[in-house]
Amino acid sequence: MRNLIIIAIVIIVALVLLRQSLYVVDVTEQVIILRFGEVVKTRLAPGLDVKVPFVDTVVRLDKRILRIDAPPVSMPDTNKQNLVIDIYARYRITDPVQFRKTLQTETNARSRLGDIVTSTLRDRVAQREREEIIGAELLRDPDTGAPIVEDDVPLVEPRETRTEILDEVLAEVRNITVRDQFGIEMIDVRIKRADFPEAVTASIYTRMRAERNRIAAGFRAEGEEQDRRIRADTDRQRDVILAAAEQQSNEIRGQGEAEAISILADALNRDPELFAFLRSLEAYQRIIRGQDTIILSSDSPLFDYLASPNAPEGSQ
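Source: prediction; values computed, not measured.

Our next topic: the pairing of strand β1 (residues 22-25). Burial of the side chains of β1 is restricted to one face: Y23 and V25 are buried, whereas none of L22 and V24 on the reverse face is. With four bridges joining them, β1 and strand β4 (residues 47-50) adopt antiparallel strand pairing. Bridging across to β4, V25 finds its partner in G47.

Right, here's the structure in full:
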C-alpha cells in the first residue's frame, strides 16, 4: 500500500510538471514566454511547445486584426461649430515583444490608440468645414441629387473629402505608432457616424428644408415660365397655320367660283335658251313642292315654260 501511494504521488507530480511544461499555441494567437518578467522566447506558429515549469509565464496575444471603438466625441470644425463624431480603427500586432514593452496588454492598447486616433482626428476636423465632414448627402436635393448651394457656393462632395481626412489621420497615427515603437500596424480608421449635436439638429434640418423649398420654388417658377413660353409659341404656330389654311381655302374657293362662273358664262353663250330652261326648272323645283299654291301674274316670266311648250325667244 505504501508503494502504491508513492507511485500515485509520483504520477500526480509528473502530470503537474508535464502540464506546467507544455503549452499550446492556437492559430489565432502569438505567444511570449516571460521568465521573471523578462522575455525569453516568442512563438508565432501554432502548435505544441515546452517551457520551464513554475518559472516561465505564457502571455498570449491575438494575431488577428483587432478593432478599437472610440466613444462619440464632440469636435469643433474650422467655424467653431461642434460635430459629434463616432469613429473606429483597426490594427494588428506585428511585434509582440515590443508591444509587450510599450502597451503591455490589449486593453491598454485600445485605450492608448483610441486617444491617439481621436486627438489626430480632432486636429484634422478643426481644419475642415462642417459640410466636408458631415457629408453633403445630408444637404443634397432629394429629387435631383444636386448639392444645395449656400451663398452661391456649392457644397463639397462628402465621400472624397471624408476619405482625404481619414487618409491623413491614418498616416499620422501610423507615424506615431512607428515613432513610439508600439509594435503594431494600423490597418485603417473609419467614421461610423458624424452628425450635429442634438441641440442644433432641429434648426439645421429646418434650414435644410427651407433651402430645399427655395430650390423647389425656383424649379417651379422656371417650369411655369417654360410652360408659358411653350404655350405662347404653340398658340402663335396655331394662328399662323390657321391663317395660312384660311388664305389657301379662300384662294381655292375663289378659283372654284371663278371657274364656275366661267363655265356658266360659256354655257350661256353657247345656248341661251337651254340655259333659261334649266334655270326655270331649278326655280320650279325650289318653289313648287307637293300641294303648294302659288299666285302669280299671268305675264310673269316664270309661266313661260308652263303656259306653252315653246318658250318665247330671249326669255330668262
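So, next bit.
Taken as a whole and judged by the stated rule, the model has zero aromatic pairs. The side chain of R67 reaches across the aromatic face of Y88, ending 4.1 Å from its centre.

So, about the pattern of salt bridges. Throughout the structure, instances matching the rule amount to 18 salt bridges. In this structure, R231 and D227 form a salt bridge, with 3.0 Å as the shortest nitrogen-oxygen distance. On the criterion of helical spacing, the pair formed by R231 and D227 is a turn pair, its members being four residues apart in helix α6 (residues 198-270). Here R236 makes a salt bridge to D233, at a shortest N to O gap of 2.8 Å. Of the two residues, R236 and D233 are both situated in helix α6; the distance of three residues between them amounts to about one turn of the helix.

With five bridges connecting them, strand β2 (residues 29-35) and strand β3 (residues 38-43) associate as antiparallel partners. Looking at the pairing, R35 lines up with E38 of β3. The turn joining β2 and β3, which pair antiparallel and follow one another in sequence, is formed by two residues; a positive phi near 55° is taken by F36.

On to the side chain of R124, then. Within the secondary structure layout, R124 lies in helix α3 (residues 106-125). What makes R124 buried here is its relative accessible area of 17%. In contact with R124, other than residues within four places in its own chain, are I165, E168, V169 and E172.

Turning our eyes to something else, we now look at the confidence of the model for the chain. The predicted coordinates of low-pLDDT regions are not to be read in fine detail. Of the residues in the chain, 82% reach a pLDDT of 70 or more, and the chain-wide mean stands at 80. With pLDDT under 50 throughout, residues 151-158 is counted as low confidence; its partners more than four residues away or in other chains account for 18 contacts. The model gives residues 311-316 a pLDDT under 50, and that stretch makes seven contacts with residues more than four places away or in other chains.

Definitions and limits used
Residues numbered from 1 in each chain as written. Predicted model: local features only at pLDDT ≥ 70, side-chain atom pairs only at ≥ 80, totals over all residues. Heavy atoms only, no water. Buried < 20%, exposed > 50% of the residue type's maximum accessible area, 1.4 Å probe, protein only. Helix = DSSP H or I, 4+ residues; strand = E, 2+ residues; numbered from the N terminus. Pairing = 2+ DSSP bridges. Phe/Tyr/Trp six-rings, centres within 6.5 Å; stacked < 30°, edge-to-face > 60°. Lys NZ or Arg CZ within 6 Å of the ring centre and 35° of its normal. Salt bridge = Lys/Arg side-chain N within 4 Å of Asp/Glu carboxyl O. Contact = heavy atoms within 4.5 Å. pLDDT = per-residue confidence, 0-100.

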